[in-house]
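Coordinates in review
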Amino acid sequence: ALAALPNGWLVSGCAGGIVKAWDVECRREVGHLPGHEGAEVTALASLSDGRLLTASGDGVVKVWNVEECRELASFTRVVAAVVALPNGGAASSSGDQLVRLWSADLSAEVATMPGHAGPVTSLVLLPRSGLLASASHDRTIKTWDVDTRKPRLTLKGHRGSVDAIDLLPEGHLISASADTFLKVW
């Protein structure tokens, strides 16, 4: 998992629960965030204020001040994907077929958005529209209005689980599926 921070640093997370901060310009490690030892880091998200969310197979989500390598908060929730929202909060997903919204201080779950028929594997914010996109093992991608907490559009076309979604530089959504195809939407 990778996340770019507003200060220009890059954070990486991998198997074994290792989370490291890197100064890309100087090409050196500048910090180590302990706390997920022994569990694969499944998701990282950079918040606009510089805080970082980390999630791992240990079922714990942590909020960090990366520059100080200091844990600010944590909560228990198995998470497959996490993404920062413009309000300072976050959205997360897991194997329970729900997209969850978290408060700006990340202390409370404020909403769940049901709609998928399989585990939700990936999330991405669509900045042009302000919508949130989610990918699922149910072979679909859904877009969500975060304010109303309602689905806006369901994209179908993959013959296998949709394992990852992201944005291309020009703003198009790209998806990767177990059907071995990439699709640009």
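Up top is the structure these notes are about.
Residues numbered from 1 in each chain as written. Predicted model: local features only at pLDDT ≥ 70, side-chain atom pairs only at ≥ 80, totals over all residues. Heavy atoms only, no water.

Points about unusual backbone geometry
- Positive phi values are uncommon outside glycine, yet Q97 reaches one of about 75°.
- Positive phi values are uncommon outside glycine, yet R149 reaches one of about 65°.
- With respect to the helices, strands and loops of the structure, R149 is situated in the loop between β15 (140-145) and β16 (150-156). (Helix = DSSP H or I, 4+ residues; strand = E, 2+ residues; numbered from the N terminus.)

Some points on the side chain of S175
- In this fold, S175 is placed in strand β18 (residues 173-177).
- Look at S175 and you get buried, because its relative accessible area is 1%.
- Those residues in contact with S175, other than ones at most four positions away along the chain, are I141, H158, V162, A164, I165, F181, L182, K183 and W185. (Buried < 20%, exposed > 50% of the residue type's maximum accessible area, 1.4 Å probe, protein only. Contact = heavy atoms within 4.5 Å.)

Observations concerning the sheet that holds strand β2 (residues 9-13)
- The 4 strands lie next to each other as β1-β2-β3-β4, forming an open sheet whose pairing is antiparallel. Bordering the open sheet on either side are β1 (2-4) and β4 (28-32), each of which pairs with just one other strand. On average, each strand axis in the sheet is inclined to that of its neighbour by 25°, with strand direction left out of account. (Pairing = 2+ DSSP bridges. Axes fitted to C-alpha atoms, helices over the stretch in contact; angles between N-to-C directions.)

Section: the pattern of salt bridges
- One pass over the structure, following the stated rule, counts 7 salt bridges.
- The residue K20 makes a salt bridge to E29 at a minimum N-O spacing of 3.5 Å.
- With a relative accessible area of 25%, K20 lands in the partly exposed category.
- Overall, E29 belongs to the partly exposed group, its relative accessible area being 35%.
- The salt bridge partner of D96 is R100, with a shortest N-O separation of 2.4 Å.
- The exposure class assigned to R100 is buried, which follows from its relative accessible area of 8%.
- It is possible to trace a salt-bridge network through shared partners that takes in D96, R100 and E109. (Salt bridge = Lys/Arg side-chain N within 4 Å of Asp/Glu carboxyl O.)

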